[in-house]
Amino acid sequence: MSINRRNLFKLGTAAGLLPAGAVFAAPAGKNLTAAATETAAEAASGIKTLKGGVTMGAPLPGISELDLSKTFEPGKSVLNDGVVMNASHWGIGRVHVKGGRIERIEPFEKDHAPSMQLQGIAQQPYNRARIRYPMVRESYLKKGWKAGGEGRGKEPFVRVSWETAAKLVADELKRVRETYGPTAIYGGSYGWMSPGAVGNARNLLQRVLNLNGGFTGGIGDYSTGCAQVILPYVIGSNGVYEQVTSWNLITDRTELIVLWGADPTITNDIDWATTVHENAEGFRRVKEAGIKVVAVNPLKPDTAEFFGDAARWIAPRPGTDVAMMLAMAYELETSGKADREFIRKYTVGYDKFRPYLLGETDGVKKTPEWAEGVCGVKAADIRWLVNEMQTKRTMLMGGWGIQRAQHGEQVHWMMVVLSAMLGQIGLPGGGFGFTYHYSNGGAATSEAPALPGISANPRGGSSGLKWEGASLVSIPLARFTECFLNPGKTIDHNGTKITYPDIRLVFWSGGNPFAQQEDTNGLLKAWKKPETTIVCDSMWTASARHADIVLPACTSLERNDITAVGSYSNLGYVAMHQAILPQYESKSDYEIYRLIAREMGFEKDYTEGLDEMGWVKRFYDAAKLEAAQGGYEMPAFEDFWKAGWVWFPVLSDSEHYNYFGDFRKNPIVNPLGTASGKIEIFSEKVASYGYDDCPGHPTWMEPTEWLGGKIAKDYPFALLTSKSRYRLHSQLDSTESHNFTDVEDREPVWMHPDAAKKLGVATGDVVKVESRRGKVLAGVIVTERVRPDTVVIRHGAWYDPEKQGEVGTLDVHGCDNVLTIDIPSSKLANGNVANSSQVRIEKFTGELPRVRVWEQPRTVRG
Ligand SMILES: Nc1nc2c(c(=O)[nH]1)N[C@H]1C(S)=C(S)[C@@H](COP(=O)(O)OP(=O)(O)OC[C@H]3O[C@@H](n4cnc5c(=O)[nH]c(N)nc54)[C@H](O)[C@@H]3O)O[C@H]1N2
Ligand SMILES: Nc1nc2c(c(=O)[nH]1)N[C@H]1C(S)=C(S)[C@@H](COP(=O)(O)OP(=O)(O)OC[C@H]3O[C@@H](n4cnc5c(=O)[nH]c(N)nc54)[C@H](O)[C@@H]3O)O[C@H]1N2
Ligand SMILES: [Mo]
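A quick note: this is a predicted structure, and the numbers were derived from the prediction, not measured.

**Student:** Describe the sheet that holds strand β23 (residues 572-576), naming the residues involved and giving the relevant values.
**Tutor:** Taken in spatial order, the five strands line up as β1-β2-β24-β23-β22 in an open sheet, and their pairing is antiparallel. Either end of the sheet is taken by a strand with one partner, and the two such strands are β1 (48-49) and β22 (561-564). One ladder, built from three bridges, connects β23 with strand β24 (residues 645-647); its direction is antiparallel. By the bridge assignment for β24, Gly572 is matched with Trp647.

**Student:** Pulling in residues and values, what's your account of the UniProt feature "binding site: Mo-bis(molybdopterin guanine dinucleotide)" (unreviewed entry) in the chain?
**Tutor:** UniProt's feature table lists "binding site: Mo-bis(molybdopterin guanine dinucleotide)" (unreviewed entry) at Trp192, Arg404, Asn512, Arg559, Asp589 and Asn817, given in the numbering used throughout. Spanning 626 residues, the named residues do not form one spatial group; their C-alpha atoms are separated by as much as 35.0 Å. Relative to the assigned elements, Asp589 resides in helix α22 (residues 589-600). Apart from the residues lying within four places of it in its own chain, the contact partners of Asp589 are Gly199, Ala201, Leu204, Ser509, Cys536, Ala553 and Tyr606. Summarising the element assignment, Asn817 is placed in the loop between β30 (790-792) and β31 (837-843). Its relative accessible area of 1% is what places Asn817 among the buried residues. Each residue touching Asn817, except ones within four places of it in the same chain, is listed here: Ala515, Gln516, Gln517, Glu518, Asp519, Thr520 and His795.

**Student:** Give a description of the packing of aromatic side chains that names residues and reports values.
**Tutor:** Counted according to the given criterion, the structure contains 46 aromatic pairs. Seen in terms of ring centroids, Trp247 and Phe283 are 4.8 Å apart; in terms of plane orientation they differ by 70°. Their pairing is edge-to-face. In this pair, Trp247 sits in helix α8 (residues 247-253) while Phe283 sits in helix α10 (residues 278-288), placing the two residues 36 residues apart along the sequence. Residue classification places Phe283 among the buried positions, given a relative accessible area of 5%. Ring centres 5.6 Å apart and planes at 70° place the aromatic pair Trp247 and Tyr436 in the edge-to-face group. Highlighted residues: Trp247 in helix α8 and Tyr436 in the loop between β15 (431-433) and β16 (473-476), separated in sequence by 189 residues. Its relative accessible area of 5% is what places Trp247 among the buried residues. Three or more aromatic residues joined by ring pairs make a cluster, and in this case those are Tyr186, Phe480, Phe484, Trp508, Phe514, Trp527 and Tyr799. Sitting over the ring of Tyr133, Arg159 keeps its end group 3.6 Å from the ring centre. The residue whose ring lies beneath Arg794 is Trp750, and the NZ or CZ to ring-centre distance is 4.8 Å.

**Student:** Which residues make up the sheet that holds strand β3 (residues 82-88), and what are the values?
**Tutor:** Spatially, three strands are ordered β3-β4-β5 in an open sheet, and the strand pairing comes out antiparallel. The open sheet has two edge strands with one neighbour each: β3 and β5 (101-107). Adjacent strand axes in the sheet meet at a mean angle of 35°, parallel and antiparallel pairs treated alike. For strand β4 (residues 91-98) and β5, the ladder comprises six bridges, and the chain directions are antiparallel. Counted as the bridge partner of His96 is Arg104 from β5.

**Student:** Give a description of the nonpolar core that names residues and reports values.
**Tutor:** Counting residues in hydrophobic clusters, the biggest one holds 162 residues, and the most contacted among them are Trp260, Met324, Phe353, Leu385 and Met421. Apart from the residues lying within four places of it in its own chain, the contact partners of Trp260 are Val296, Asp321, Met324, Met325, Met328, Leu385, Leu396, Met397, Gly398, Gly399, Ile402 and Met415. Core analysis: the second largest hydrophobic core is formed by 62 residues, Leu505, Tyr590, Ile592 and Ile596 among them.

**Student:** Which residues make up the site of ligand 1, and what are the values?
**Tutor:** The environment of ligand 1 is formed by 32 residues, the closest being Trp192, Ser194, Gln516, Asp537 and Ser730. With respect to ligand 1, the side chain of Asp537 contributes an N or O atom lying 2.6 Å from an oxygen atom. Separating an oxygen atom of ligand 1 from a side-chain N or O atom of His795 is a distance of 3.3 Å. Taking 920 Å² as the accessible area of ligand 1 by itself, protein coverage stands at 98%. Class assignment of the residues belonging to the shell around ligand 1 gives a composition of nine nonpolar, 16 polar and seven charged. Of the domains in this structure, domain 1 (1-17 + 704-862) and domain 3 (135-221 + 473-573 + 584-602) are the two that each give at least three residues to the shell around ligand 1.

**Student:** Please set out the site of ligand 2 residue by residue, giving values where relevant.
**Tutor:** In the neighbourhood of ligand 2, 32 residues make up the surrounding shell, with Gly319, Asp321, Arg404, Arg727 and His729 lying closest. Contacts to ligand 2 include Trp400, whose backbone N or O atom sits 3.0 Å from an oxygen atom. Expressed as a share of its isolated accessible area of 910 Å², the protein-covered part of ligand 2 is 98%.

**Student:** Describe helix α17 (residues 409-422), listing the residues and the values that go with them.
**Tutor:** The terminal C-alpha atoms of α17 lie 21 Å apart, and with 14 residues this matches the ideal 20 Å at 1.5 Å per residue to within 8%. Judged by how many residues are buried, α17 sits mostly within the fold: 14 of 14 residues are covered. Positive backbone phi, approximately 75°, marks Gly423, located one or two places after α17.

Definitions and limits used
- Residues numbered from 1 in each chain as written.
- Chains lettered and ligands numbered in written order.
- Predicted model: local features only at pLDDT ≥ 70, side-chain atom pairs only at ≥ 80, totals over all residues.
- Heavy atoms only, no water.
- Pairing = 2+ DSSP bridges.
- Helix = DSSP H or I, 4+ residues; strand = E, 2+ residues; numbered from the N terminus.
- UniProt positions renumbered as here; feature names shortened; annotations may be inferred.
- Contact = heavy atoms within 4.5 Å.
- Buried < 20%, exposed > 50% of the residue type's maximum accessible area, 1.4 Å probe, protein only.
- Phe/Tyr/Trp six-rings, centres within 6.5 Å; stacked < 30°, edge-to-face > 60°.
- Lys NZ or Arg CZ within 6 Å of the ring centre and 35° of its normal.
- Axes fitted to C-alpha atoms, helices over the stretch in contact; angles between N-to-C directions.
- Core = buried A, V, L, I, M, F, W, Y, C linked by side-chain atoms within 4.5 Å.
- Near = heavy atom within 4 Å.
- Polar contact = N/O pair within 3.5 Å; in protein donor to acceptor, adjacent residues only side chain to side chain.
- Areas by Shrake-Rupley, 256 points an atom, 1.4 Å probe, with all protein chains shown as cover.
- Nonpolar A, V, L, I, M, F, W, Y, C, P; charged D, E, K, R; others polar.
- Domains from an automatic or database assignment.
- Expected span 1.5 Å × (residues − 1).

The structure is reproduced here in structure tokens:
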């Protein structure tokens, strides 16, 4: 997910002319309490403006009492009473500490829509599911790796000292490397660990693994597994981690927004870095401007609710959008409304796609009537939508859940092709954008330098990229289960062949494989195979419960760090002050891996002679130097640390950024990065791979499981695993956040009244939901906001098996991935297909098993 935005806006000095106040015109968050607003106003009053329009906050109340020399000593930086700054994926907050305990987190005054989850975050350090001590599985402690994997998830844990834990890990990393070579260590370790340039759980782990000689890593991610692989062939860049047309152009020029498989109200709650939720403001402005909205989604998204009457909801069957879009393309082509001029000037391959559309290659005309039979949307509605899009300046905002599907590569490819046929790409406010729902794509960018971060490769410097682990072998991330079970197997991937290594040791840090990976029972089977499994986390997630060695990381409220603000907007930097001492015996990730590095004899290479505060200062000073070269003054580190934040003015041209504008102006001077330099409706390269599941142009292919398939007879409901507004994947599940949504402590399953009637259930009942892979309990919520043949279980409830460690047992809590299918999207991307599963449902009448996964696991004395 490395984001290349640095080259987008190079304005130079003009930005320095902006009045400093202009940047802060946005109102403070709506949800602030009266008391919080006062504090915020107070804090805002001491704002200082520096050269170039850079601003910084007033010193935090009470911060002067901090002996700054002490903050450079781990464990001594905390206040007993006072207010410090911290930041999370959900936003920035002032942390109020009293008597050494966190009282509350007050949202930051620049936040446009403070997240309700800040309170859940405040509870995290004291959480009942907190991992308190280093722990080892009972028989593993006795027999080491010879204990075998069968007892994982079943046996109790034994508390050990940090010395024992670090030695066990170090010895095992050495043994496996010496016996099988470093590729026998799986260190892909995908996950949404906390933000922070230093406490990057994954890079720190990989730093140690690299010093140990390397590891097997992962390619791609779960977010955009398909889109990020196909779009470079189509538009020459990944399309999913880039800046898109600015809100000013949208509100000035756009007449229609189509939210295709996107729910920005939910998914913009978080950012890979931290956030001030600019897009909440963007969508508010869209609403004020009275712009029409259409949401295409089997589930009526929260965003459509937000727009009320201005929004129309169209609900196709899950996984059938490509058929629907093909019909729209057919309509454009046959009515003569396709933009021939755009197609001729800016695209290649339409001549190869057109015969498919017209049914000349496969005998099937892709008419709206044909599509109706596939996607369940009335032909008249398909015609209506394409006519609206053709006659109005339209921005197609595509989400990503829709490509977490079998043949998911086709979806964003077809969105681009449809946009090209409409001819609006590169016109102000028209075309497509695939980040309006994620990390506030479209929000204006500042010229703050990219904040460096700790490198996964100590010898490779600190580039600040997310996935920079120099793995020796890389497998498609979502295929790790298959890899564990099939060493030596060769698969196709994006025009290459990959042979799975023989994994003997698995080490995860800052991710939750038992929540992220499809088909939990398949994972459980594979997870028993390696000789050793190690998990480093703050919470007793299902993954930690299935580890041999468990390392307790502290939360980001218990350590010092620094983060940039906004993955795309990059508005400035925020200090992440340690608010409280690490609870129990937890330690920061930096310290944990330092202990292991010391045990392995390469501590110096690991630390480069710096402690955590040393790194924070090094990264800040590097940014400060780069800023100075661009004409911006940043305060001295100590002053920044007392104030808690520094902000850069946004660039005026970025406020009017027009995605593909340069390409449209002159495609010869500004070609795309594709083979032809143009938009590729047909890709010779993709076609040359000869994959039956990913041909040379967008194609409708039936998935294995869908409403139109044979399976629907026995498993009549399509299952969507859309994102939850109450969690970030599995994070916060054990906090009060779950009380906002759960039914009888179970994760809800949303179903239509017709479905509920057929099943004889009502809101508040518990049902058993079952797929060909597994079964879960879930709590019924009856709602008109979902198709009658589709149900929704939000992603991320913690897996809580009735019979621990047993493949196929009932999950009593409602973990979505117990139900999902684990097959690759296609040979091209090998992406996960989280939204391509069918389920059946029946009322659960037995005695309700207690949800135990939020509590401490069983422990025994060693
Ligand atoms: N069915 C289905 N499956 C999906 C998805 C879906 O939509 N449907 N979505 C997919 C997507 S897009 C993604 S990105 C993945 C997400 O998968 P993950 O990123 O693995 O999910 P998280 O729950 O965010 O896991 C992060 C873990 O890091 C821990 N953590 C937090 N901070 C720290 C820290 O500072 N140090 C350490 N050591 N640990 C920390 C948290 O406690 C948590 O257990 O899931 C994927 N899986
Ligand atoms: N609150 C919150 N925000 C998050 C996250 C979170 O866990 N919680 N996760 C973050 C991460 S890591 C990522 S990658 C992004 C993900 O962002 P997305 O992938 O866009 O989020 P999803 O909810 O998986 O999917 C978006 C919408 O697509 C719809 N959808 C699913 N299948 C289909 C289909 O076949 N057709 C159509 N038309 N629509 C479909 C879903 O109902 C959902 O409303 O979100 C980020 N934001
Ligand atoms: Mo993601």
